Protein chains: 2
Amino acid sequence: MKLVEHADILNAAEAIADVATHTPLIPAAWAGSLWLKPEMLQPIGSFKLRGASAAVAALPDDTRGVVTHSSGNHGRAIAHAAMQRGFACTVVVPDTAPAIKMRAIRDTGARLEVVPPTQRASRAERIRDTEGYALIPFDRHDVIAGQGTVALEILDDMPDTDTIVVPVGGGGLAAGAAVAAKAIAPHARVIGVQPELAADAVDSLRAGELVEWSTEDRYRTIADGVRVGLAELTCAHILRYLDEVVTVSEDEILDAITDIASHAHLVCEPSGALSLAGYQRHGAGWGRTVAVLSGGNIDPQLLSRLLASSTDG
Amino acid sequence: MKLVEHADILNAAEAIADVATHTPLIPAAWAGSLWLKPEMLQPIGSFKLRGASAAVAALPDDTRGVVTHSSGNHGRAIAHAAMQRGFACTVVVPDTAPAIKMRAIRDTGARLEVVPPTQRASRAERIRDTEGYALIPFDRHDVIAGQGTVALEILDDMPDTDTIVVPVGGGGLAAGAAVAAKAIAPHARVIGVQPELAADAVDSLRAGELVEWSTEDRYRTIADGVRVGLAELTCAHILRYLDEVVTVSEDEILDAITDIASHAHLVCEPSGALSLAGYQRHGAGWGRTVAVLSGGNIDPQLLSRLLASSTDG
């Protein structure tokens, strides 16, 4: 299987320079030898803008339109990137997707097709075939390369980083970041974090091959952004390049969200807070660490409840 | 009266480069032709780190210690900057200061002296005289120069900025930013925002001289960071360099906090949200605008209540 290479990530960085924000490293001495990479500051509130923009940038100017399927940030990112280039865009979403995420996609100007979950992929493929649209799922080489630009920025800004910590869901971010880090800074470790309730990457690393968890199992975690499992392509990168995957409990995820709001003044979604939670539980020996906060699209009611029960400021 | 000059701000920028974060410009197309400058991402959660670090950096190595008086972010900023240089530090706080802010100052390692409000300045001066400490109040040239580095960064990152919007309380940020902007980009306008309930800068600009509001009047606003009035020195800069001061209502401030959390994924304190509130009410003709979100030290219970009543995501 052909994997993403360092050169692909450098190309992606150039392609997205005008669209994605170079997020700063925020010192988080309150948590240890830690810096935060706040990807919720991207225009759509998530690192997924990077991969989507890289994939859309690679399309020819005469592209008729773009289609993808997603229930969350990837669909919104593709829609945003497509609109920026003036392409028509259709996002196929399962009818189980939260209304708030559907609205965010529609707000970009993209067309929404709501289907039963089992028809996601087939409907997107049919639109590709009948409309002549380019299909961009999340597990593509150029999407992974785009996500990897996160690590380029981290290692540019702080070359003596010892450890980069990322959430692992579909695995695109972990895959891209690990490829970039191993190429630029072989001394740096890249560690993934998953909820205990959705730990397919832990099992996959142990088995040396993709181990799938059932949808029912994965959907138990509150971290909705990582309920999707690894794909064959992302798993291949993770097996080869990722150093380790650790897990955290649901309570540790919620505590991390509150800490991020109180101490770092950032609004973080549950899956985005996995990296801090992982550092807080396992990071004692990790040295100078950067935790990637991957997104901020949290239900305001959930954040409100967490803040109400916090005693911290 | 000697005013701060462009060269002072360039010197301050060099002095604080290792301490302050160069905050990014965050596109906020959801609000208009607007970018946000998120100063809550500074280590102590406020732009005040800039001025405090600049003033502390200018002290000689054999300084015996640093003293200031403040009930909020300035005291915390001075304490943080002093500790970074290994200086002893005492912060004199009025016994009316919120416990949460006292704790934040104490957490830096600084000594706290709690006094009745009327004794703030005199106690700080006595410590200067008896201990030989350097006294750094907020209305000093090097503090104003440090605050002005915000505008340097904005105009470096986006030279075609038409308007920079800043909250106005003591006036240090408005003063420094206006000096910097007029020197680098004479075409750019710098506009201050105050609560309707604490609008001494509006009256001062109209009168052409410092017009003081009573403490009782100023303390009606929820924006605790701007309850302090202008000082003679900051007012002199504002009269000479600031283009305009506009006002907003208390409800507009609260709505802006919610918008910033929902759309920009940032935790903003009431005074920090003044700039967005000002843009939302008055900004139709302001062109490409940067709103400085000056700080994020909001009571978590207040943010919780605002999010609970929001319908937005």
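Structure: above.
Residues numbered from 1 in each chain as written. Chains lettered and ligands numbered in written order. Predicted model: local features only at pLDDT ≥ 70, side-chain atom pairs only at ≥ 80, totals over all residues. Heavy atoms only, no water.

Trainee: Can you help me understand the sheet that holds strand β6 (residues 134–135) of chain B in this one?
Mentor: The strands making up a sheet are joined through hydrogen bonds of the backbone, oriented either antiparallel or parallel. Residue and element names in this part refer to chain B. Here four strands make up an open sheet; going across it, the order is β5-β4-β3-β6 and the pairing parallel. The sheet terminates laterally at β5 (111–115) and β6, the two strands that pair on one side only. Looking at chain direction, strand β3 (residues 66–69) and strand β4 (residues 89–94) are connected through four bridges and run parallel. When the sheet's bridge partners are listed, V66 is paired in β4 with C89. (Pairing = 2+ DSSP bridges. Helix = DSSP H or I, 4+ residues; strand = E, 2+ residues; numbered from the N terminus.)

Trainee: Before we go on, may I ask you to explain the pattern of salt bridges in this structure?
Mentor: Pairing is possible between side chains that carry opposite charge, provided their charged atoms lie close to one another. All names here are of chain A. Throughout the structure, instances matching the rule amount to 30 salt bridges over all chains. Note that R288 is salt-bridged to D160, the shortest N-O span being 3.2 Å. Within this pair, whereas R288 is found in the loop between α12 (274–282) and β10 (289–293), its partner D160 is found in the loop between α6 (141–157) and β7 (163–167), the two being separated by 128 residues in sequence. You can call D160 partly exposed: its relative accessible area is 42%. Three or more residues are tied together by salt bridges with common partners; here these are K37, E39, R50 and E153. (Salt bridge = Lys/Arg side-chain N within 4 Å of Asp/Glu carboxyl O. Buried < 20%, exposed > 50% of the residue type's maximum accessible area, 1.4 Å probe, protein only.)

Trainee: When you look at the interface of chain B and chain A in this model, what are you seeing that I'm missing?
Mentor: You'll often see interface size given as the accessible area lost when the parts meet. The interface is formed by 27 residues belonging to chain B together with 27 residues belonging to chain A. At the boundary of chain B with chain A, total buried surface from both sides reaches about 2,300 Å², with 59% on carbon and sulfur atoms. It is L41, H265 and L307 of chain B in chain B that bury the most area against chain A; as a group they hold 27% of the surface buried on that side. In this structure, the connection of chain B to chain A is made through zero salt bridges. Between chain B and chain A we count 13 residue pairs in polar contact (both at pLDDT 80 or more) in total. At the level of elements, β1 (26–27), α4 (99–107), α11 (250–264) and α13 (300–308) of chain B are the ones that each hand at least two residues to the side of chain B that touches chain A. The element contributing the most residues to the side of chain B that touches chain A is α13 of chain B, with six residues. When grouped by side-chain class, the residues that make up the side of chain B that touches chain A number 15 nonpolar, ten polar and two charged. (Contact = heavy atoms within 4.5 Å. Buried area = accessible area lost by both parts, 1.4 Å probe. Polar contact = N/O pair within 3.5 Å; in protein donor to acceptor, adjacent residues only side chain to side chain. Nonpolar A, V, L, I, M, F, W, Y, C, P; charged D, E, K, R; others polar.)

Trainee: Help me out: how do you make sense of the sheet that holds strand β10 (residues 289–293) of chain B in this one?
Mentor: Residues and elements named next belong to chain B. Taken in spatial order, the six strands of this open sheet run β1-β2-β10-β7-β8-β9, and their pairing is mixed. Each of the sheet's edge strands pairs with one partner strand only, and the pair in question is β1 and β9 (244–248). Bridge count between strand β7 (residues 163–167) and β10: three bridges; the pairing is parallel. Residue pairing across strands places T163 opposite T289, the latter belonging to β10. The strands that helix α12 (residues 274–282) touches are β2 (34–38), β7, β8 (189–195), β9 and β10; relative to β9, the one it contacts most, it runs at about 90°. (Axes fitted to C-alpha atoms, helices over the stretch in contact; angles between N-to-C directions.)

Trainee: Just to check I follow, could you spell out the side chain of S271 of chain B for this structure?
Mentor: Residues and elements named next belong to chain B. Looking at the element boundaries, S271 is found in the loop between α11 and α12. A distance of 3.2 Å separates the side chain of S271 from the side chain of E269, its partner in a polar contact. When neighbours within four sequence positions are excluded, S271 is seen to be in contact with P167, A223, G225, V226 and S294.

Trainee: How do you make sense of the relation of the copies chain B and chain A when you look at a structure like this?
Mentor: Two copies of the chain are present, and they differ by a rotation about an axis and a shift along that axis. Laying chain B over chain A is done by rotating through 180° and shifting 0.0 Å along the axis; what remains is an RMSD of 0.0 Å. Such a combination of turn and shift is consistent with a two-fold rotation axis. A shared binding surface is used by both copies, with 100% of the interface residues of chain B retained as interface residues in chain A. (Least-squares fit on C-alpha atoms with pLDDT ≥ 70 in both.)

Trainee: When you look at the packing of helix α7 (residues 172–184) of chain B against helix α10 (residues 232–241) of chain B in this model, what are you seeing that I'm missing?
Mentor: For any two helices packed against each other, one specifies the inter-axial angle together with the distance between the axes. All names here are of chain B. Packing of α7 against α10 brings their axes to within 8 Å, and their N-to-C directions diverge by 40°. Classed by the angle they form, the pair α7 and α10 counts as oblique. With respect to the hand of their crossing, α7 and α10 are arranged in left-handed fashion. Facing α7, whose interface residues are G172, A174, A175, A178, V179 and K182, α10 presents T234, H237, I238 and Y241. Here the contact of α7 with α10 is built from residues that sort into six nonpolar, three polar and one charged. (Parallel < 35°, antiparallel > 145°, perpendicular 65-115°, else oblique. Left-handed = near helix turned anticlockwise from the far one by under 90°.)

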